[in-house]
Amino acid sequence: AILAQVPILYPRLRLVSLLVASLGIRSAGLPFCMRSAVVPLQVGRKTTRIALWLLLLSTLGAVVAGFWISATAFLGVSATSLSGSQRKSLLSRPAVTKDFSRCKVAELRELLADAGFPTSGKKAELVARLLEHSQRGAVGVEQEVAEEQDEEEEDEEEASKTKVTKNKTKAKAKAQDEEDKEEQEMEAETSAVEVAEKKELKNVAPIRKAATKIGGPMFEVGELIEACSKDDNQWYAAKVLKELGDRSFKISWVEDDTEQDLTPGYIRKKISEVDRDGPFLPGEAVEALYEEEGKMYTGIIQKTNEDGTFLLLWDEDGEEYTCKPEVMMKIAPKIELSELQVGQKTKGIVKSVRDFGAFVDVGAVRDGLLHVSLMKQVDRPKGAPAFDEGDRVEALYEEQHEWYSATVDKVNEDGTFNLTWDDGDESATLKANQIRLQGPRMPVKVGDTLELWISKITTDGKFSVSMFEGGGTAPRPHQEFSAFVDILPDEFIDAMIQKVTDFGFFVEARAPSGATAPGFVHLSRIRDGYVASPFDEGEVGQDVKVRVEFVDTKAGKMTLSMKECA
């Protein structure tokens, strides 16, 4: 037993102790064997049999003892030959902790130091400390090792991030320096260019601007204008070189510097430089009303007359025409709808008239709609005829007993009216009781110049205007509903749709006496059957026939129906 501890306490004597142990086992069994061989001679056969069994058992015991000693010698590895991580692994295995008492004091202290424990004290205290630490199990040690590895990885990652941040900071600082440098270079170049431009401007003669005073010359020498080429009848940029008299000028084309003499009608102010809101000036292109035809044509102002009218030269035929400023509009750059604002004040000229309103040119990319409900109605003076020239009417054609559309051409002294049918050139003379207005009498006509306000701008590129300040509607006057009280429920009267909503029509009803008042037709009263949408049944400006169902004179309300009386 003593020899078996030698390989652990003294590793260098491992082989010697193994040899001595083997010899000791064999020598210990030799006297017993010699003694058992003599016994049978003295005691007989039974005793010999027992001796042989004892010899066999002693031999097997010697063999087992030899193997145990050899295994103990080879497993007694010195702790001093292990690395730091191997020592920690050794501490985490309970099977090895049983051999702490066999280690030297120096080896025990080294193990405790690696584990982070105090190394002072005697060997028994050191062994006890290691045994206490080993009882935590392998899991605790492995977790500590893993935590240390994680801490090392976190330190490396943090160091890497710090490095990247430093690199980014350096790159950003470098980029900022380069940007500042470029800005300084650009500023220097800009300053140099400005200095050069100022030097060049000193050596260039200034171009004379267009005349801005009324009564001044149509064009000045050196002025940039637009001239019409007689070859293709197109307008090109040109420069005035000399006034030839009688409103003729010598010009040079900007494109090729060739010179040409032009007569009136072939030269005008640059459209892009026209002051839309300024006074009319000679040389400006305008759109004006040709009263004889009631249509708008383009022309060029030649001069201002003493009575405030203007002498124009029509573009179409070159004829002269004297025109009032009220029916003239400058041709200037078109206003984009994005530049318009609701409530904005503007000026427009009536281009066409329809049953539901008028289209007005305010200088925008398209004409605006002036609805009849946004027009200021003009009270007719006492004794005025029932119809005026230009009124759109329906007249009775006696041969067919049908009503057809027509236009009033003349008001006769005997109270009759000359009118022309829409479906031909044939004219007729009829009495007032044979004629009725096709719609509300329009207070405007083609060529009228109006003071307007932007009322509405839609997303589909359309806009409307109003004759009321701010673009609103007319203040609702007190309506007289007494004329509708005595109308029979089954009697139909004339009405015009003023507004279409999801729930019905707002109309302007006309009593037999001529009085008018607003009323409402619910969608259930538009026609028999199911009505999905009133917008599919009528539109603003459409004439309809209605019946009076209910009148509230105090509240100022009237309910109407377009259906037959049940």
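## Digging into the overall build of the protein chain
Helix and strand counts for the protein chain come out as eight helices and 25 strands. When contacts within the protein chain are restricted to residue pairs at least 6 apart in sequence, those whose partners lie at least 24 apart make up 50%. Counting only carbon and sulfur atoms, one obtains 53% of the accessible surface of the protein chain, whose full area is about 36300 Å².

## Observations regarding the packing of aromatic side chains
Tallied over the full model, the rule gives 16 aromatic pairs. With centroids separated by 5.9 Å and ring planes inclined at 55°, the aromatic side chains of Phe-503 and Phe-520 adopt a geometry described as tilted. Placement of Phe-503 in the loop between strand E21 (492-501) and strand E22 (504-510) and of Phe-520 in strand E23 (residues 516-522) is noted, with a sequence separation of 17 residues between them. Judged by its relative accessible area of 43%, Phe-503 is partly exposed.

## Describing the sheet that holds strand E14 (residues 392-397)
Strand order in the open sheet formed by five strands is E17-E16-E15-E14-E18, with antiparallel pairing between adjacent strands. Taken across any chain shown, the strands that pair with only one partner, and hence form the sheet edges, are strand E17 (427-430) and strand E18 (435-437). Here the average twist between neighbouring strands, direction ignored, is 45°. The pairing of E14 with E18 spans three bridges and is classified as antiparallel. For Glu-394, the partnering residue across the bridge sits in E18 and is Arg-436.

## Quick word on the pattern of salt bridges
Under the defined criterion, the tally for this structure stands at 15 salt bridges. A salt bridge links Glu-451 to Lys-345; its shortest N-O distance comes to 3.1 Å. Of this pair, Glu-451 sits in strand E19 (residues 449-457) while Lys-345 sits in strand E11 (residues 345-354), and the two are 106 residues apart along the sequence. For the salt bridge of Arg-436 with Glu-394, the shortest nitrogen-to-oxygen distance reads 2.9 Å. Residue Arg-436 is located in strand E18, and its partner Glu-394 is located in strand E14; the two are separated by 42 residues in the primary sequence. What makes Arg-436 partly exposed here is its relative accessible area of 30%. Shared partners join several salt bridges into a network, and the residues in it are Arg-525, Arg-547 and Glu-549.

## Brief notes about a negative patch on the surface
Together, Glu-291, Glu-292, Glu-293, Glu-316, Asp-317 and Glu-319 line one region of the surface with negative charge. Note that Glu-291 resides in the loop between strand E6 (285-290) and strand E7 (295-304).

## Comments concerning the confidence of the model for the protein chain
Caution is warranted with low-pLDDT regions, since their predicted coordinates should not be read in detail. Summing up the model confidence of the protein chain, the mean pLDDT is 75 and the portion of residues at 70 or higher is 68%. Of all the helices and strands in the protein chain, helix H5 (residues 94-97) carries the lowest mean pLDDT, 42, while strand E20 (residues 463-466) carries the highest, 94. Note on residues 25-43: pLDDT under 50 across the span, and 13 contacts to partners over four residues away in sequence or across chains.

## What about the pairing of strand E25 (residues 557-561)?
Note that E23 and E25 share two bridges and pair parallel. Across the sheet, the residue bridging to Val-521 is Leu-560, located in E25. Strand direction decides the pairing type here: strand E24 (residues 543-552) and E25, joined by five bridges, are antiparallel. From the neighbouring strand, Phe-550 faces E25, where its bridge partner is Thr-559.

## Concerning the sheet that holds strand E3 (residues 248-253)
The sheet built from five strands is open, its strands ordered E4-E3-E2-E1-E5 with antiparallel pairing. The sheet terminates laterally at strand E4 (259-262) and strand E5 (267-268), the two strands that pair on one side only. Pairing of strand E2 (residues 235-245) with E3 involves six bridges; the strand directions are antiparallel. When the bridges of E3 are listed, Val-240 appears paired with Ile-251.

## Some points on unusual backbone geometry
Look at Asn-233: it is not a glycine, yet its phi comes out positive at around 60°. Tracing the chain through its elements places Asn-233 in the loop between strand E1 (224-228) and E2. Accessibility expressed as a relative area gives 55% for Asn-233, which makes it exposed. Despite not being glycine, Asp-257 shows a phi value in the positive range, around 65°. Following the sequence through the fold, Asp-257 ends up in the loop between E3 and E4. For Asp-257, a relative accessible area of 59% gives the class exposed.

## Some words on the pairing of strand E15 (residues 402-411)
Two elements, E14 and E15, share six bridges in a ladder whose sense is antiparallel. Paired with Leu-396 across the bridge in E15 is Trp-403. Counting the residues between successive antiparallel strands, the hairpin from E14 to E15 contains four residues, one of them, His-401, with a positive phi of roughly 55°. Inspection of the sheet shows E15 paired to strand E16 (residues 417-421) by five bridges, in the antiparallel sense. From the neighbouring strand, Lys-410 faces E16, where its bridge partner is Asn-418. In textbook terms, the turn of a hairpin is the stretch between consecutive antiparallel strands, and for E15 and E16 this stretch comprises five residues, one of which, Gly-415, has a positive phi near 90°.

## Observations regarding the environment of Asn-418
On the secondary structure map, Asn-418 appears in strand E16. Sequence separation between Asn-418 and Glu-389 is 29 residues; the distance between their C-alpha atoms is 9.0 Å. Those residues in contact with Asn-418 that lie beyond four places of it in its chain are Thr-407, Val-408, Asp-409, Lys-410, Asn-412, Ala-428 and Thr-429. Engagement of the side chain of Asn-418 in a polar contact is seen with the side chain of Thr-429, the distance being 2.8 Å.

Conventions adopted
Residues numbered from 1 in each chain as written. Predicted model: local features only at pLDDT ≥ 70, side-chain atom pairs only at ≥ 80, totals over all residues. Heavy atoms only, no water. Helix = DSSP H or I, 4+ residues; strand = E, 2+ residues; numbered from the N terminus. Contact = heavy atoms within 4.5 Å. Areas by Shrake-Rupley, 256 points an atom, 1.4 Å probe, with all protein chains shown as cover. Phe/Tyr/Trp six-rings, centres within 6.5 Å; stacked < 30°, edge-to-face > 60°. Buried < 20%, exposed > 50% of the residue type's maximum accessible area, 1.4 Å probe, protein only. Pairing = 2+ DSSP bridges. Axes fitted to C-alpha atoms, helices over the stretch in contact; angles between N-to-C directions. Salt bridge = Lys/Arg side-chain N within 4 Å of Asp/Glu carboxyl O. Patch = residues over 30% accessible without salt bridge, like charges linked within 9 Å, V, L, I, M, F, W, Y side chains within 5 Å. Lys, Arg positive; Asp, Glu negative; His and termini not counted. Charge placed at Lys NZ, Arg CZ, Asp CG, Glu CD. pLDDT = per-residue confidence, 0-100. Polar contact = N/O pair within 3.5 Å; in protein donor to acceptor, adjacent residues only side chain to side chain.

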